[in-house]
Each structure stands twice: as C-alpha cells, then as structure tokens.
Amino acid sequence: MAFDYPIMLDLTGVPVLVVGAGRVALRKVEGLLQAGSDVTVVAPDVDASFGHLKARVLVRPYEIGDLDGVKLVITATDDPAVNAAVAADATSRGIWVNSADDPANCTFILPAVARAGAVTIAVSTSGASPALASHLRGAAETWLADIGAAEAAVTLGEQRRVMRAAGVPTESIEWTDRVEAALRHTP
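Values in this document were obtained by computation on a predicted structure and should not be read as measured data.

What to know about the nonpolar core
Residues Val18, Val29, Leu32, Val39, Val41 and Phe50 are the most contacted members of the largest nonpolar core, which totals 20 residues. Counting residues per element, this core draws most heavily on helix α1 (residues 23-34), at four residues. In contact with valine 18, other than residues within four places in its own chain, are Ala25, Val29, Leu32, Val39, Thr40, Val41, Val42 and Ile74. Counting residues in hydrophobic clusters, the runner-up holds 13 residues, among them Val19, Tyr62, Val73 and Ile95.

As structure tokens, this is what we get:
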C-alpha cells in the first residue's frame, strides 16, 4: 500500500465521523474541529476530555447509519475488529477513511504536521514509522521558527496581494530573492 499523493483539504463544514473517544480520538477530533469540520463522535465510552469540545457526541456503539451524509471517517477505538468493520463500511460507500495506526484499513493516512502561521509542513513515512515522522515534525517546527517562516508568509502574501491588485501576474515574478529577503537566516 502506497500513500504517495499529499493533499491539503478544506474541511470547513464537512461532516466527519470519528469512531472512538479515547486519547487518540481526542487528538483527531481537536484537529478536525480546528479545520472547521462538523464532527460527530460515536463511542460506547467517552473520555471526559470530550466535554469541552464542540462536537456532537453519541454515547453508544457504532452503527452503519452513522455513515449517512459523512464525507470522512476516522476510526480510533481500542478494538481492531470495530476499526476494520467501520473502515470496510466506509470504503464500500466510497467514504475516505483513516484507521488510526492501521494503514491496511486506510484509504488515507494523516501525516505529522508542523505549523508556523500559514506555513504547513507535512511529514509522512507512508505509515512505516509514525515515530520518525513525529521526530521530523519536531525538527521542522524548530526550523520554521528559526527562519521566521510565519512572518515571511505574511510579508510575501502582502507583496503578492499588492501585485495582483495592480494587475501584475504573480506567476511571472521571480520570487527567489523576495523569499530570501523575507526569511530570517540563522547560522
């Protein structure tokens, strides 16, 4: 199985189902909510940490009808059989599914993500070593901060906006010098 096509999604208002309500599911739900998703969580037992989240929480076992209208599914239960069943149901309906720590039951995987303002770096090992991806994410976060990537994105975005407002096609601009000038360089 190869997960070779990186993609960034606009999940604003997109209905997402998360099956499971433990520590791993909590991390997934928090990220989905930050992305603006309309999240429903289904689990027979729900960690108290879910109480503060703006997600719909159904305290019961997963049912196939939970997939109705859903565009994306995350499974994160402690039961591999439940995760596999949810993944099979979702896949049979053409719904993209990620089964936490189980690439064989995924139609997509989630990379380790480093963010600095508008700059995002995703690190993936195609499921081979999440620990390595996590380690590299930490290094990327440090590097992004060191070079001032967040500030550079703001500066370059403003330059692009001004050019476009003046009718200058930004594809024709050689950006290398501008990017170098916007970034903070460290020894």
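Further notes follow.
Some points on the packing of aromatic side chains
Aromatic rings considered in pairs are described by the distance between their centres and by the relative angle of their planes. If you walk through the whole model with that rule in mind, you get zero aromatic pairs. Over the ring of tryptophan 175 we find arginine 178, and its NZ or CZ is 5.7 Å from the ring centre.

Side note on the sheet that holds strand β1 (residues 15-19)
What the five strands build is an open sheet, ordered β3-β2-β1-β4-β5; its pairing is parallel. At either end of the open sheet lies a strand with only one pairing partner, and these are β3 (56-59) and β5 (96-99). Here the strands of the sheet are splayed against their neighbours by 15° on average, with no regard to which way each runs. In terms of strand pairing, β1 meets strand β2 (residues 38-43) through five bridges, oriented parallel. Across the sheet, the residue bridging to proline 15 is aspartate 38, located in β2. Most of the contacts of helix α2 (residues 80-92) go to strand β4 (residues 72-75), to which it runs at about 170°, and overall it touches β1, β4 and β5.

What counts and what doesn't
Residues numbered from 1 in each chain as written. Predicted model: local features only at pLDDT ≥ 70, side-chain atom pairs only at ≥ 80, totals over all residues. Heavy atoms only, no water. Core = buried A, V, L, I, M, F, W, Y, C linked by side-chain atoms within 4.5 Å. Buried < 20%, exposed > 50% of the residue type's maximum accessible area, 1.4 Å probe, protein only. Helix = DSSP H or I, 4+ residues; strand = E, 2+ residues; numbered from the N terminus. Contact = heavy atoms within 4.5 Å. Phe/Tyr/Trp six-rings, centres within 6.5 Å; stacked < 30°, edge-to-face > 60°. Lys NZ or Arg CZ within 6 Å of the ring centre and 35° of its normal. Pairing = 2+ DSSP bridges. Axes fitted to C-alpha atoms, helices over the stretch in contact; angles between N-to-C directions.

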